[in-house]
Amino acid sequence: MASISASTTHKVKKTVSKPVGKGKKNGILKTGTSSKLKGKAGGSGGPPLTRRGSAPRLKPSSELNHPQALDAFLSLDESKQKDRVLQEFLPHALGERATFHEGIAKPHTASTSQSRGQAAADIAVLVKKMGPMVVLKRFGVLAEVEKMLLPDGIGAAFGNGTGRGTNPGGGMRKIASAVSLASMDSSDANIPSTMSIGTSTLGTDSKRGKTTPQNAREGALLLLRALSELGLKSVEPFVVPMLAAALDECGSSSSSLREAASDASVAIITLANPLAMPMLVIPVLFEALQSPEWRVKSTALERLSQVAADAPRQVSKMLPQIIPIVTAQIWDTKPQVTKAANQALLSVCETNDNPDIKPAIPAVVHAIS
């Protein structure tokens, strides 16, 4: 019979619970872990995931969201239509109160990104129904947008105003003069803005040379995004030349304004014809890389990756011009710019469909970086 003393030891076998296998759900996430689910949240049938801080979804307001209201607007004569667009919808889109139509006695609520987006979507609905030449040019909507985003002209984009920048007033103006587009008509360039916010200095990026309020610039960018999302080729000549303004606003001190600018630049490039990439879009991206703002350069490199995916044939033909410019950004002092440059360099190089070179592209890009 075995005896038990104080020196006797016992071995206890520990039981370990089996971990939940891949693909199984236990409904528990550990604290500090992040879910890496892709697609839709909560599995199939759930709402789609959206990136944090994205611009609000653009939906028309109740003014034009119903067929009866839209038909009532279209039944007005052209002068009354223009009056409602310039005195009601456009001020709302730019964050202003439409005093002429609302009256002084009506309580006024503060303008929000959502309300500005709704007003921008209203104008986009009118553009779809009436045509861009009527709403954007004849009614003067595009001229007001240009005055909000480019008060000093397109030549002053990316900090290149008179006496500033690496190419004062020259780079963007040279690009604009190289292409004949409808929105570059300067016949109304000296007409003062009809908006009361045209000369305001409240809430501006004065250090960046911006003299228009942030709400007005955000509303103008939301309008560009709403027009681009229509997907109409008739809108392209009016919207694509405003890519420089959208990229320039990515350096704003306002996070909501930067988000609106980034979303607008994505929508504009999505709308652009692939044949416009070598002549207009890519030169604008090159000019944006000369900006002193690192956020502008980072966004321009991200858009270059988008161009490589949307127009690979056009990008492939421009590789001798693109690669040296993008390579120079890899050694930028900002890690965000370096990361975007590495991705852009890989994206543009992968447009080369030579079967002998394609397998070595990742190694070559890694060697450069």
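Every value quoted in this text rests on a predicted model; they were computed, and no experiment measured them. (Residues numbered from 1 in each chain as written. Predicted model: local features only at pLDDT ≥ 70, side-chain atom pairs only at ≥ 80, totals over all residues. Heavy atoms only, no water.)

For the protein chain, the helix and strand inventory stands at 17 helices and zero strands. Counting all 369 residues of the protein chain, 43% fall into the buried class. When contacts within the protein chain are restricted to residue pairs at least 6 apart in sequence, long-range pairs at least 24 apart make up 67% of them. Working note: accessible area of the protein chain is about 20600 Å², and carbon and sulfur atoms make up 55% of it. (Helix = DSSP H or I, 4+ residues; strand = E, 2+ residues; numbered from the N terminus. Buried < 20%, exposed > 50% of the residue type's maximum accessible area, 1.4 Å probe, protein only. Contact = heavy atoms within 4.5 Å. Areas by Shrake-Rupley, 256 points an atom, 1.4 Å probe, with all protein chains shown as cover.)

With that out of the way, let us pick up helix 2 (residues 78-93). Along helix 2, the helix axis deviates most sharply at Val85, where the bend reaches about 35°. Of all the positions in helix 2, only Gln81, Arg84, Val85, Leu86, Glu88, Phe89, Leu90, Pro91 and Ala93 are classed as buried. In the stretch just after helix 2, Gly95 is the one whose phi turns positive, near 85°. (Bend = angle between axes of the 7 residues up to and from the residue.)

A few words now on the confidence of the model for the protein chain. When pLDDT is averaged across the protein chain, the result is 77; 66% of the residues are at 70 or more. Taken element by element, the predicted model of the protein chain shows its lowest mean pLDDT in helix 3 (residues 99-102) (51) and its highest in helix 13 (residues 294-310) (96). Scored below 50 in pLDDT, residues 178-192 makes 21 contacts in the model with residues more than four places away or belonging to other chains. This model gives residues 198-202 a pLDDT under 50, and the stretch forms seven contacts once residues within four places in sequence are excluded. (pLDDT = per-residue confidence, 0-100.)

Here helix 13 crosses helix 15 (residues 319-329) at 140°, and the two axes come no closer than 12 Å. Overall, the two elements helix 13 and helix 15 adopt an arrangement that is oblique. Note that helix 13 runs across helix 15; the crossing there is left-handed. Contacts between helix 13 and helix 15 involve Lys297, Leu301 and Leu304 from the former and Ile322, Val326 and Gln329 from the latter. Residue classes in the contact of helix 13 with helix 15 are distributed as four nonpolar, one polar and one charged. (Axes fitted to C-alpha atoms, helices over the stretch in contact; angles between N-to-C directions. Parallel < 35°, antiparallel > 145°, perpendicular 65-115°, else oblique. Left-handed = near helix turned anticlockwise from the far one by under 90°. Nonpolar A, V, L, I, M, F, W, Y, C, P; charged D, E, K, R; others polar.)

Our focus in this paragraph is the side chain of Gln81. Within the element layout of this structure, Gln81 appears in helix 2. Taking the relative accessible area as the measure of exposure, Gln81 reaches 6% and is therefore buried. Within the local environment of Gln81, its side chain forms a polar contact with the backbone oxygen of Leu74, the two atoms lying 3.2 Å apart. Apart from the residues within four sequence positions on either side, Gln81 is in contact with Phe73, Leu74, Leu76, Met130 and Phe139. (Polar contact = N/O pair within 3.5 Å; in protein donor to acceptor, adjacent residues only side chain to side chain.)

Counted under the stated rule, the structure contains seven salt bridges. With its nearest N and O atoms 2.9 Å apart, the salt bridge here joins Glu88 to Arg84. A residue pair is termed a helical-turn pair when its members lie 3 or 4 positions apart in one helix, as Glu88 and Arg84 do in helix 2 at four residues. The partner of Lys297 in a salt bridge is Asp332, and the shortest N-O contact between them spans 2.8 Å. Pair noted here: Lys297 is in helix 13 and Asp332 is in the loop between helix 15 and helix 16 (335-349), with a separation of 35 residues, a long-range link. When sorted by exposure, Lys297 lands in the same class as Asp332, which is buried. (Salt bridge = Lys/Arg side-chain N within 4 Å of Asp/Glu carboxyl O.)

Remark: helix 13 packs on helix 16, axes separated minimally by 8 Å, with the N-to-C direction vectors making an angle of 15°. On the basis of their axis angle, the class for helix 13 and helix 16 is roughly parallel. Both helix 13 and helix 16 take part in a crossing whose hand is left-handed. Contact with helix 13, carried on its side by Trp294, Lys297, Ser298, Leu301, Glu302, Leu304, Ser305 and Ala308, involves Gln336, Val337, Ala340, Ala341, Gln343, Ala344, Ser347 and Val348 of helix 16 and no other residues of that element. Per-class residue counts for the contact of helix 13 with helix 16 are nine nonpolar, five polar and two charged.

Moving on: the packing of aromatic side chains. Summed over all chains, the structure comprises one aromatic pair. Ring geometry for Phe73 and Phe89: centres 6.0 Å apart, planes at 70°, overall edge-to-face. Of the two residues, Phe73 sits in helix 1 (residues 67-74) while Phe89 sits in helix 2, which places them 16 residues apart along the sequence. This pair shows no difference in class: Phe73 is buried, exactly as Phe89 is. (Phe/Tyr/Trp six-rings, centres within 6.5 Å; stacked < 30°, edge-to-face > 60°.)

Moving on, we get to helix 12 (residues 277-288). Extensive coverage of helix 12 is indicated by the burial of 10 of its 12 residues. Taken residue by residue, helix 12 has Met277, Leu280, Val281, Ile282, Pro283, Val284, Leu285, Phe286, Glu287 and Ala288 as its buried positions.

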